[in-house]
Amino acid sequence: MSKVRISAAIALATGIAMAMGVPAQAHPRLIGANPSPNSVVAAPRSVQLRFNEQLVRRFTGADILRKGGAGQAPSKLPGTRVSLEADGKTLTVMPGRPLAAGTYQLMWRAVSVDTHRVSGSYDFRVR
């Protein structure tokens, strides 16, 4: 066999082995939320975020901020608790007190079990 054919065979075998042995690298995606982004709702007892991949609790969390009027900075709600449900994909955020009428921003961060880190935020309004 010529050196060119041997090199081509090695390159082909290496490419096939790499394609078969390397798992797909995906990022966790938010696939559902309640309340949903930009919704107007009665005061929720909790906010739930559903992701497409299992998350690492230690590096995953969320904050609820109350948005003020013009010129006022949003303020983080004290006493908010966050838990990761048994499925490993659902994050539940429980405010420390009932949400009064107004606009809120949910800021979240998530790390999946394959260590990919993502974050995001959205607003919802309580009537």
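Residues numbered from 1 in each chain as written. Predicted model: local features only at pLDDT ≥ 70, side-chain atom pairs only at ≥ 80, totals over all residues. Heavy atoms only, no water.

Draft legend 1. Summary view of the sheet that holds strand E7 (residues 90-94). Sheet architecture is open: 4 strands sit in the order E1-E3-E7-E6, paired in antiparallel fashion. In the strand order of this sheet, the two ends are held by strand E1 (30-34) and strand E6 (81-84), each with one partner. The mean angle between the axes of side-by-side strands here comes to 15°, regardless of whether they run parallel or antiparallel. One ladder, built from 4 bridges, connects strand E3 (residues 47-51) with E7; its direction is antiparallel. (Pairing = 2+ DSSP bridges. Helix = DSSP H or I, 4+ residues; strand = E, 2+ residues; numbered from the N terminus. Axes fitted to C-alpha atoms, helices over the stretch in contact; angles between N-to-C directions.)

Draft legend 2. Here's a closer look at the pattern of salt bridges. Applying the stated criterion across every chain, the model contains 3 salt bridges. Of the charged contacts in the structure, one is a salt bridge between Asp63 and Lys76, with a shortest N-O distance of 3.5 Å. Taken together, the positions of Asp63 in strand E4 (residues 61-66) and Lys76 in strand E5 (residues 75-76) put the pair 13 residues apart, joining distant regions of the chain. The class for Asp63 is buried, based on a relative accessible area of 18%. The partner of Asp63 in a salt bridge is Arg109, and the shortest N-O contact between them spans 3.7 Å. Remark: Arg109 occurs in strand E8 (residues 102-111) and Asp63 occurs in strand E4; sequence separation between them is 46 residues. For Arg109, a relative accessible area of 37% gives the class partly exposed. One continuous salt-bridge network, built from bridges that share partners, spans Asp63, Lys76 and Arg109. (Salt bridge = Lys/Arg side-chain N within 4 Å of Asp/Glu carboxyl O. Buried < 20%, exposed > 50% of the residue type's maximum accessible area, 1.4 Å probe, protein only.)

Draft legend 3. The arrangement of the nonpolar core in detail. Judged by nonpolar contacts, the single largest core of 21 residues is most densely connected at Val47, Leu49, Leu106 and Phe124. At the level of elements, E3, E4, E7, E8 and strand E9 (117-126) are the ones that each hand at least two residues to this core. Not counting the four nearest positions on each side in its chain, Leu106 is found in contact with Val47, Leu49, Ala62, Asp63, Ile64, Val93, Gly120, Ser121, Tyr122 and Phe124. (Core = buried A, V, L, I, M, F, W, Y, C linked by side-chain atoms within 4.5 Å. Contact = heavy atoms within 4.5 Å.)

Draft legend 4. The arrangement of the environment of Arg45 in detail. By the secondary structure assignment, Arg45 is in the loop between strand E2 (40-41) and E3. The exposure class assigned to Arg45 is exposed, which follows from its relative accessible area of 79%. When the C-alpha positions of Arg45 and Met94 are compared, they lie 6.5 Å apart, and in sequence the two are 49 residues distant. Other than its neighbours up to four places away in sequence, Arg45 contacts Met94 and Pro95.

Draft legend 5. Broad picture of the side chain of Thr60. Take Thr60: it is sitting in the loop between E3 and E4. Looking at Thr60, its side chain comes within polar contact range of the main-chain oxygen of Val56, at 2.7 Å. Excluding anything up to four places from it in sequence, Thr60 contacts Leu55, Leu91, Arg109, Ala110 and Val111. (Polar contact = N/O pair within 3.5 Å; in protein donor to acceptor, adjacent residues only side chain to side chain.)

Draft legend 6. Structural view of the sheet that holds E5. Spatial strand order, E2-E9-E8-E4-E5: 5 strands in an open sheet with mixed pairing. Each having just a single partner strand, E2 and E5 make up the two edges of the open sheet. Bridge count between E4 and E8: 6 bridges; the pairing is antiparallel. Across the sheet, Asp63 pairs through a bridge with Met107, a residue of E8.

Remember that the coordinates give geometry; whether it matters functionally is a separate question.
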